[in-house]
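# Structural overview
Here is how the chains run, residue by residue.
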Amino acid sequence: MSATRAVDRLLEVMRRLRDPVGGCPWDQEQTFETIAPYTIEEAYEVADAIARRDARALKDELGDLLLQVAYHAQIADEAGRFGFEEVADAITEKMIRRHPHVFGDALVDGARAQRLAWEDTKAAEREGRGAARASLLDDVPLALPALARAVKLQKRAARGGFDWPEAGQVLDKVEEETQELRAELAGGRMPDRVEDEVGDLLFTLANLARHLEVDPEEALRRTNRKFERRFRRIEAALRAGGRPMSEVPLDELEALWQAAKEDDGAAEPAGAAGG
């Protein structure tokens with residue numbers, strides 16, 4: 001089946017599901033707002049399939065994500081706003097516009113230069129829409145994960161020159177924020193103040209990641225996977241000995257963690273993160 005026929009079939013299924021007469025009662029009731037959480041969830045499931053290098057799951061999850069696009073487009077079409085074709089046309093035009101080095105005569109010197117040119121093009125597009133902008137931070141989505149939104153805010157601020165020139169200066173700021181958190185903990189541990197200081201530290205760590213060209217979301221996901229892998233090894237070792245973890249002294253658990261860490265390091269490919 002051709003890609004065009006496959007997409008047409010999907011759109012027809014979506015229309016049938018939303019049909020007010022013979023459609024699905026649940027699908028008929030959905031709105032942009034009720035479907036949005038599923039859209040976010042499906043995007044994360046795509047990322048999970050990629051992280052697990054599961055091609056079969058990736059195919060399925062991409063299909064689920066494509067369904068979300070069709071769903072929103074169908075709701076918009078029913079309201080007379082736009083349809084799937086306009087969504088596809090809009091992203092196609094945008095990709096052509098943002099890649100003048102591919103579809104035009106512009107030249108870029110590597111991926112980094114292209115990222116900078118991409119940001120310049122996006123800024124020009126925002127200005128070209130004619131909407132009054134009170135701040136460089138306008139239209140940074142509130143629904144982004146907190147770490148991702150922190151990086152987005154920092155990138156926008158950097159466009160105005162509000163940025164540290166070097167990563168080392170950001171690392172100094174990490175140490176400063178850590179000391180402020182220590183001081184707060186030593187001074188009575190007011191919950192709101194502690195939360196503020198933890199937030200400041202996380203925000204600064206996200207800024208450090210940005211300067212080091214590390215995606216903090218992916219870095220944390222990688223560390224989560226690493227922790228889970230090593231913790232499961234500890235559980236397996238204790239299970240083999242018939243011992244519940246709650247009864248094992250902390251120093252012994254730490255020794256088991258170090259052993260799991262060594263085993264994990266030996267099994268990881270060259271260049272994999274340790275910690």
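Quick note: structure is the one above.
Report follows, based on the coordinates. (Residues numbered from 1 in each chain as written. Predicted model: local features only at pLDDT ≥ 70, side-chain atom pairs only at ≥ 80, totals over all residues. Heavy atoms only, no water.)

## Topic: the packing of aromatic side chains
Under the convention used in this document: By convention, a stacked pair of Phe, Tyr or Trp rings (six-membered ring in the case of Trp) has centres within 6.5 Å and planes under 30 degrees apart, an edge-to-face pair has planes over 60 apart, and any other such pair is tilted. Numbering of helices and strands runs from the N terminus; a helix is a DSSP stretch of H or I covering at least four residues, while a strand is a stretch of E covering at least two. For the exposure calls, accessible area comes from a 1.4 Å probe over protein chains only, and a residue counts as buried if that area is under 20% of its type's maximum, exposed if over 50%, partly exposed in between.
Counted under the stated rule, the structure contains three aromatic pairs. Between the aromatic rings of W26 and Y38, the centroid separation amounts to 6.0 Å while the plane-to-plane angle is 80°, which identifies the pairing as edge-to-face. In this pair, W26 is assigned in helix α2 (residues 25-29) and Y38 in helix α3 (residues 32-51), connecting sequence segments twelve residues apart. What makes W26 partly exposed here is its relative accessible area of 41%. For Y38, a relative accessible area of 37% translates into the label partly exposed. When the centroid spacing of 5.7 Å and the interplanar angle of 20° are considered together, the rings of F227 and F231 count as stacked. Of the two residues, F227 and F231 both sit in helix α11 (residues 216-240), four residues apart, roughly one turn of that helix. F227 gets classed as partly exposed once you look at its relative accessible area, which sits at 46%.

## What about helix α1 (residues 3-18)?
Along an α-helix, a turn takes 3.6 residues, which lines up residues three or four apart on a common side. So the rule is basically this: Given a helix with a known number of residues, its expected span is that number minus one, times 1.5 Å. Each direction from the helix axis to a C-beta atom contributes to the arc, which is the arc of those directions.
The terminal C-alpha atoms of α1, which comprises 16 residues, lie 23 Å apart, in line with the 22 Å expected from a rise of 1.5 Å per residue. When we look at burial in α1, the residues that qualify are L11, M14 and R18. Along the long axis of α1, the arc covered by the buried residues comes to 55°, so they all point the same way. Opposite the buried face of α1, at more than 90 degrees from it, the exposed residues are R5, R9 and R16.

## Focus on the nonpolar core
Cut-off, in case you're wondering: Throughout this description, the term nonpolar core refers to a set of buried Ala, Val, Leu, Ile, Met, Phe, Trp, Tyr and Cys residues connected via side-chain atoms within 4.5 Å. Working rule for contacts: check all heavy atoms of both residues, and any pair within 4.5 Å makes them a contact.
With eight residues, the main nonpolar core is built from L11, M14, I35, A70, Y71, A73, I75 and F84. Taken together, the elements giving at least two residues each to this core come down to α1 and α4 (55-78). Setting aside anything within four residues of it in sequence, one finds I75 in contact with R18, Q30, T31, F32 and I35.

## Regarding the environment of E41
Tracing the sequence through the fold places E41 in helix α3. On a C-alpha basis, the gap between E41 and L65 in space is 8.9 Å, while along the polypeptide they are 24 residues apart.

## Here's the deal with the pattern of salt bridges
Short version of the rule: Put simply, a salt bridge is a Lys or Arg side-chain nitrogen that is within 4 Å of an Asp or Glu carboxyl oxygen.
Taken as a whole and judged by the stated rule, the model has 18 salt bridges. Here E176 and K173 are joined by a salt bridge, their closest N and O atoms 3.0 Å apart. One end of the pair, E176, and the other, K173, are both in helix α9 (residues 167-186), three residues apart, so they sit about a helical turn from each other. With a relative accessible area of 36%, E176 lands in the partly exposed category. We classify K173 as partly exposed; its relative accessible area is 24%. One salt bridge connects E218 with R221, and the closest N-O pair in it is separated by 3.2 Å. Taken together, the positions of E218 and R221, both in helix α11 and three residues apart, correspond to about one turn of that helix.

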